[in-house]
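# Coordinates in review
What follows is the residue order along each chain.
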Amino acid sequence: VMDSHELALPDDTFTLTICNVSTSTFKDPLKCMQEILRTLQPGGVCINSQWKKFTVKDIIHKAQTSIRPDCKLFNMPKAEFLNDGVLRDLMLDAGFAEAAQYVETTIITDEAMEGLREFMCGNFTASARSGWTEEEAARWPAAIDAAIEEETADNGGIKMEAWMVVARKAGS
């Protein structure tokens, strides 16, 4: 375990790095991508994913407004990463020689959906219930279930889309 802003690794260590839906959680995403670039060998590749359509946020908003229509809606950190080109441009700004962007879609079902439900009922969404009464907070799991049911009726599961950026370090 180490700080992503200052990787305690030598230059040119890896041929491949995968950064999975974490760029928006970094204090300084550019610095972290520069560290990834530094630790890649010449010609090395970084595959970086970030949500394009974070349906979890929509489900949380539906649950919030079903209990408290006037509440402040849950906010995602660095929501600009949902936008087209932001992740790709970050990779280029960090110094990658090339970066190609793709969109991947997934439908979350079954056991994965149960895990996602637990995630939405846990600490990740505590700020969504900030200032609520005990009675309101107790209604949260049922409100999440109802919002999930509505989403799955439309898509057969929870439909999510991700930006996928494949970036290459200059070199051989």
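All values derive from a computational prediction rather than experimental measurement. (Residues numbered from 1 in each chain as written. Predicted model: local features only at pLDDT ≥ 70, side-chain atom pairs only at ≥ 80, totals over all residues. Heavy atoms only, no water.)

## A closer look at helix 1 (residues 29-39)
Every α-helical turn comprises 3.6 residues, leaving residues that sit three or four positions apart pointing alike. Among all positions of helix 1, only Pro29, Cys32, Met33, Glu35, Ile36, Leu37 and Thr39 are buried. Where the residues of helix 1 are buried, they touch strand 1 (14-20), strand 2 (40-53) and helix 3 (86-94). (Buried < 20%, exposed > 50% of the residue type's maximum accessible area, 1.4 Å probe, protein only. Helix = DSSP H or I, 4+ residues; strand = E, 2+ residues; numbered from the N terminus. Contact = heavy atoms within 4.5 Å.)

## Looking at the packing of helix 1 against helix 3
Relative to each other, helix 1 and helix 3 sit at 60 degrees, their axes nearing to 9 Å. One element, helix 1, and the other, helix 3, form an angle in the oblique class. For the crossing formed where helix 1 meets helix 3, the hand is right-handed. Residues Pro29, Leu30, Met33, Gln34 and Leu37 of helix 1 form the contact with helix 3, whose participating residues are Leu90, Met91, Asp93 and Ala94. Among the residues forming the contact of helix 1 with helix 3, the class breakdown is seven nonpolar, one polar and one charged. (Axes fitted to C-alpha atoms, helices over the stretch in contact; angles between N-to-C directions. Parallel < 35°, antiparallel > 145°, perpendicular 65-115°, else oblique. Left-handed = near helix turned anticlockwise from the far one by under 90°. Nonpolar A, V, L, I, M, F, W, Y, C, P; charged D, E, K, R; others polar.)

## Considerations on the side chain of Gln64
Relative to the assigned elements, Gln64 resides in helix 2 (residues 55-67). With a relative accessible area of 0%, Gln64 lands in the buried category. Only 2.9 Å separates the side chain of Gln64 from the backbone nitrogen of Phe74, close enough to count as a polar contact. There is a polar contact of 3.0 Å between the side chain of Gln64 and the backbone oxygen of Ala128. Aside from chain neighbours lying at most four places away, what touches Gln64 is Pro69, Cys71, Lys72, Leu73, Phe74, Ala128, Trp132 and Trp140. (Polar contact = N/O pair within 3.5 Å; in protein donor to acceptor, adjacent residues only side chain to side chain.)

## Overview of the packing of aromatic side chains
Aromatic rings in a pair are described by how distant their centres are and how their planes are angled relative to each other. Throughout the structure, instances matching the rule amount to four aromatic pairs. Three or more aromatic residues link up through ring pairs in this structure, and these residues are Phe74, Phe119 and Phe124. (Phe/Tyr/Trp six-rings, centres within 6.5 Å; stacked < 30°, edge-to-face > 60°.)

## Observations regarding the nonpolar core
Counting residues in hydrophobic clusters, the biggest one holds 25 residues, and the most contacted among them are Met120, Trp140 and Ile158. Residues contacting Ile158, with those up to four places away along its chain left out, are Thr55, Ile59, Thr106, Ile107, Ile108, Met113, Leu116, Ile148, Glu151 and Thr152. (Core = buried A, V, L, I, M, F, W, Y, C linked by side-chain atoms within 4.5 Å.)

## Quick word on the confidence of the model for the chain
Mean pLDDT over the chain works out to 94, with 99% of the residues at or above the 70 mark. At the low end of the mean pLDDT range in the chain sits helix 4 (residues 110-121), at 92; at the high end sits helix 3, at 98. (pLDDT = per-residue confidence, 0-100.)

## Here's the deal with helix 2
The terminal C-alpha atoms of helix 2 lie 19 Å apart, and with 13 residues this matches the ideal 18 Å at 1.5 Å per residue to within 8%. All of the buried residues in helix 2 are Thr55, Val56, Ile59, Ile60, His61, Ala63, Gln64 and Ile67. Where helix 2 is buried, its residues meet strand 2, helix 4, helix 5 (134-138), helix 6 (140-155) and strand 4 (158-168). (Expected span 1.5 Å × (residues − 1).)

## Section: the pattern of salt bridges
Applying the stated rule across the entire model yields eleven salt bridges. Notably, a salt bridge pairs Asp89 with Arg88, separated by 3.4 Å at the nearest N-O pair. Look at Asp89 and you get partly exposed, because its relative accessible area is 35%. Here the salt bridges do not stand alone but share partners, grouping Asp11, Lys31, Glu35 and Arg38 into one network. (Salt bridge = Lys/Arg side-chain N within 4 Å of Asp/Glu carboxyl O.)

## Concerning the state of the cysteines
Tallied over the entire structure, the rule returns zero disulfides. As a non-bridged cysteine, Cys19 has Cys46 as the owner of its nearest cysteine sulfur, 5.9 Å distant. In this model Cys71 remains outside any disulfide bridge; the closest cysteine sulfur is found in Cys121, 15 Å from its own. According to the relative accessible area criterion, Cys71 is buried, its value standing at 13%. (Disulfide = S-S within 2.5 Å.)

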